[in-house]
Structures are given as structure tokens and as C-alpha cells.
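Overview (structure and organization)
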Amino acid sequence: MRIRWRRTRFGGARTNEQHFSAKCQMGTEPASTICPMGLLCEGHRSRAVCIRDWSLAQTLFEQGDWSAAAVEYRRLALMEEEPARRTGWRWMAAYAYHRGRHADLAEALLDRVEAECASGLMPALLLRAEIARVDRRPAEAAFYFESVAASATDDSACEYARRAALAARIEARDLVGARAVLTEWPNPSPQAVEALSLIHI
């Protein structure tokens, strides 16, 4: 099942600009902290992909050669026989494109990640959220983060997604949406509650 964001209109809110940018830094860790490569492709030891092939992609990634790294990860996906690992290589390619600020290429690969393997849905949603956040599309980012928070079974992923969703709603100046995030948050941090108090209608 694919989850897609659709633009809707909501009531705006004014914020205290002096504190706004600082409070929006909550939950801005990159998606890689929640979706490391090992989550989808645990097998660097895959029979189809040798260490040398994987090392080249990783080296390019570590050097910040994002486009070249993405190409290598896509090549690894084509070589891979195991569906879950193939999905993982495609996710890594999408993440590399994201780091290189090629959102269109990253999102196209995420379409395949979601379609090919059920285990790829959650990592894909997190990366979509991160892409939207970096592209200054906070309402869209919030939607994807909230989707993760609603369905993730891992406590750390839920906590991360809720903090990120609240930050995105604050950035979008969406008071109603921000309050909704806190309502669904069992034990929000004092910082989260304080951040919401800085929004004024």
C-alpha cells in the first residue's frame, strides 16, 4: 500500500520568529539515523554482490560523490537476487540522490522501493519526509512523519517521527496540526510542549 501526500488548505498561524527557527530543529536528524542500509539489506555478504562492488559504492558515498554513489547502488540493485536486499540498495541510491539534492530522482526510486517490498514502506516514508523537509515543504514532511508515527512499532522511530512532525507543523505555522501531533503523543517532552506555546494565532 502506498501512502501519498495531497495538498490541502488549513488555517495558518503566526509564530514568535525569534524562537521559531531554533524550535524547528527538533527532529531534524537525517532519515539515515532511522533507516541505515542494514535495515533493508543486511547482506553485504550477498552471493550476488561481492565486497568489492559494495565497497566502491560506499567509498563514493563517504567522499560525497552522491550521483556516482547512487549509480553504483543502482547497479548493485540490478545485480542482487534477493528482493529485500535489492530494495535496500535502491533505498541507498535514493538516499544518495537526496544528499545530492536530486529530489525527483530520489522520489522516483522510492516509488520502486515501496512497490517491490513491503519492508521498504517505512524507510521510504521516512526518506520522503526528509526530502520534503529539506526542500522546505513542511506540510508534506509532516504528513509523512505522522504516517510513520502512526504505524511504526519501534519506539525510537515513533519518537523521532513525532518530534519531526511537530517541527514541520511549526514550520508550516499550522497550529491545528501541531496540536494534533501532541494529542497523539503519549508523553511529549517539555521542549515539545514549549515549542507549541510559541505559536500564536
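What this report covers is the structure whose coordinates are included nearby.

1. A few points about the overall build of the chain
- When you go through the chain residue by residue, the secondary structure sums to 11 helices and 2 strands.
- For the chain, the share of sequence-separated contacts (at least 6 apart) that also reach a separation of at least 24 residues comes to 61%.
- By element, 50% of the accessible surface of the chain is carried by carbon and sulfur atoms, the whole surface being about 10400 Å².

2. With respect to the pattern of salt bridges
- Applying the stated criterion across every chain, the model contains 12 salt bridges.
- Across the pair arginine 128 and aspartate 111 runs a salt bridge, and its minimum N-O distance is 2.6 Å. On the criterion of sequence distance, the pair formed by arginine 128 in helix α7 (residues 121-134) and aspartate 111 in helix α6 (residues 103-116) is long-range, its members being 17 residues apart.
- Residue classification places aspartate 111 among the partly exposed positions, given a relative accessible area of 28%.
- Glutamate 114 is paired through a salt bridge with arginine 128; the nearest N and O atoms lie 3.0 Å apart. Highlighted residues: glutamate 114 in helix α6 and arginine 128 in helix α7, separated in sequence by 14 residues.
- Note on glutamate 114: relative accessible area 8%, which makes it buried.

3. Considerations on the side chain of arginine 90
- Mapping arginine 90 onto the fold places it in helix α5 (residues 83-99).
- Its relative accessible area of 6% is what places arginine 90 among the buried residues.
- If near-sequence neighbours (up to four positions away) are discounted, arginine 90 is found in contact with Ala77, Leu78, Leu109, Arg112, Val113 and Glu116.

4. Digging into the environment of leucine 60
- Position of leucine 60 among the secondary structure elements: in helix α3 (residues 51-62).
- Judged by its relative accessible area of 14%, leucine 60 falls in the buried class.
- In sequence terms leucine 60 and alanine 96 are 36 residues apart; their C-alpha atoms lie 9.8 Å from each other.
- Ignoring sequence-local partners within four residues, the contact set of leucine 60 consists of Asp65, Ala68, Ala69 and Glu72.

5. Details of α5
- The terminal C-alpha atoms of α5 lie 24 Å apart, and with 17 residues this matches the ideal 24 Å at 1.5 Å per residue to within 8%.
- The buried fraction of α5 is high, at 12 of 17 residues.
- Among the residues of α5, those classed as buried are Thr87, Gly88, Trp89, Arg90, Trp91, Met92, Ala93, Ala94, Tyr95, Ala96, Tyr97 and His98.
- Just downstream of α5, arginine 101 is the residue with a positive phi angle, here 65°.

6. Digging into the packing of helix α9 (residues 155-171) against helix α10 (residues 175-183)
- One can describe the packing of α9 onto α10 by two numbers: an axis separation of 8 Å at closest approach and a directional angle of 165°. When the axes of α9 and α10 are compared, the pair comes out roughly antiparallel. Crossing angle aside, the handedness with which α9 passes α10 is left-handed. Where α9 abuts α10, its residues Arg162, Ala165, Leu166 and Arg169 lie against Gly177, Ala178, Val181 and Leu182.
- When the residues that make up the contact of α9 with α10 are grouped by side-chain class, the tally is 5 nonpolar, 1 polar and 2 charged.

7. What about unusual backbone geometry?
- Despite not being glycine, arginine 101 shows a phi value in the positive range, around 65°.
- Note that arginine 101 resides in the loop between α5 and α6.
- Even without a glycine there, the phi angle at arginine 173 is positive, about 60°.
- Within the element layout of this structure, arginine 173 appears in the loop between α9 and α10.
- Judged by its relative accessible area of 34%, arginine 173 falls in the partly exposed class.

Cut-off values and rules
Residues numbered from 1 in each chain as written. Predicted model: local features only at pLDDT ≥ 70, side-chain atom pairs only at ≥ 80, totals over all residues. Heavy atoms only, no water. Helix = DSSP H or I, 4+ residues; strand = E, 2+ residues; numbered from the N terminus. Contact = heavy atoms within 4.5 Å. Areas by Shrake-Rupley, 256 points an atom, 1.4 Å probe, with all protein chains shown as cover. Salt bridge = Lys/Arg side-chain N within 4 Å of Asp/Glu carboxyl O. Buried < 20%, exposed > 50% of the residue type's maximum accessible area, 1.4 Å probe, protein only. Expected span 1.5 Å × (residues − 1). Axes fitted to C-alpha atoms, helices over the stretch in contact; angles between N-to-C directions. Parallel < 35°, antiparallel > 145°, perpendicular 65-115°, else oblique. Left-handed = near helix turned anticlockwise from the far one by under 90°. Nonpolar A, V, L, I, M, F, W, Y, C, P; charged D, E, K, R; others polar.

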